[in-house]
Amino acid sequence: GDIGHQAHYHGSMSAPFTVAVFADTHIRPEPLDTQAGYPSDAEHNGRARQAVRTMAQRHPRFAVHLGDLTHTLPTLPTYDAAMDLARDIFRRLPCPLVVVPGNHDVGDKPDSHATAPPVDADSCARFEARWGASWQSWDHGGCHFVVLNSALFNADSEIERAQGAWLAQDLVGHG
């Protein structure tokens, strides 16, 4: 199947619109797992729920999550539970949601100092099964939006080359 696609959230060319932006929610499975670096890590889930409630009241046309939905990593046994909980929390938004993966969601660039495992096609596929393409574009209100899977930058992989080819094609199509 296609990786990367164009979604359409159409709106008037001149009407203002609201976009909700989330990042680093670091949702953890419940009951909370033991992967905590700071006492405040126990508050991530409640903060994410409150952020979704607050943004839903503003009636955004769409929302973008910039990555690190969960605190767990793709190699941990708690990953699926955390991702399922994140999906349940963000399902309460009254608008389309685009999720860009972070290093906690798909892994990190290959680096001996990275704490997350290296990104690979399997971790991207697991993410995309829940959230859709890890890179995509859409048009709204006279704007062309593009999000990329930055964990793939400099990964020297086939999936990185696929994202680059898709981006070149997408930009040609939109001047």
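Keep in mind that this is a model prediction, so the values were computed, not measured. (Residues numbered from 1 in each chain as written. Predicted model: local features only at pLDDT ≥ 70, side-chain atom pairs only at ≥ 80, totals over all residues. Heavy atoms only, no water.)

Caption draft 1: Just the packing of aromatic side chains, in detail. One pass over the structure, following the stated rule, counts six aromatic pairs. On the basis of an interplanar angle of 35 degrees and a centroid distance of 6.2 Å, the ring pair of phenylalanine 17 and phenylalanine 62 is categorised as tilted. Residue phenylalanine 17 is found in the loop between strand 1 (5-8) and strand 2 (19-22), and its partner phenylalanine 62 is found in strand 3 (residues 62-65); the two are separated by 45 residues along the sequence. Taking relative accessible area as the criterion, phenylalanine 17 reaches 25% and is therefore assigned partly exposed. (Phe/Tyr/Trp six-rings, centres within 6.5 Å; stacked < 30°, edge-to-face > 60°. Helix = DSSP H or I, 4+ residues; strand = E, 2+ residues; numbered from the N terminus. Buried < 20%, exposed > 50% of the residue type's maximum accessible area, 1.4 Å probe, protein only.)

Caption draft 2: Spatial organisation of the side chain of asparagine 45. Summarising the element assignment, asparagine 45 is placed in helix 1 (residues 44-56). Judged by its relative accessible area of 3%, asparagine 45 falls in the buried class. Engagement of the side chain of asparagine 45 in a polar contact is seen with the side chain of glutamate 30, the distance being 3.0 Å. Excluding residues within four positions of it along the chain, asparagine 45 makes contact with His26, Ile27, Arg28, Glu30, Leu32, Leu85 and Ile89. (Polar contact = N/O pair within 3.5 Å; in protein donor to acceptor, adjacent residues only side chain to side chain. Contact = heavy atoms within 4.5 Å.)

Caption draft 3: Representation of unusual backbone geometry within the structure. Between glutamate 30 and proline 31 the backbone carries a cis peptide bond, its omega angle lying at 0 degrees. Looking at the element boundaries, proline 31 is found in the loop between strand 2 and helix 1. Although it is not a glycine, aspartate 156 adopts a positive phi angle of roughly 50 degrees. Along the chain, aspartate 156 turns up in the loop between strand 6 (143-147) and helix 5 (158-172). For aspartate 156, a relative accessible area of 65% gives the class exposed.

Caption draft 4: Fine view of the pairing of strand 2. Residue alternation in strand 2 divides its side chains into a buried set, Ala20 and Phe22, and an unburied set, Val19 and Val21. Where strand 2 and strand 3 come together, four bridges link them in parallel fashion. Its bridge partner being in strand 3, valine 19 is matched across the sheet by phenylalanine 62. (Pairing = 2+ DSSP bridges.)

Caption draft 5: Structural context of the pairing of strand 5 (residues 136-140). Of all the five residues making up strand 5, four are buried; the element is thus mostly covered by neighbouring parts of the structure. Relative to strand 6, strand 5 runs antiparallel, the two sharing five bridges. Within the sheet, the bridge partner assigned to serine 137 lies in strand 6 and is valine 146. Where strand 5 hands over to strand 6, the hairpin turn is made up of two residues, of which glycine 141 adopts a positive phi near 55 degrees.

These values are about where atoms sit, not about what they do.
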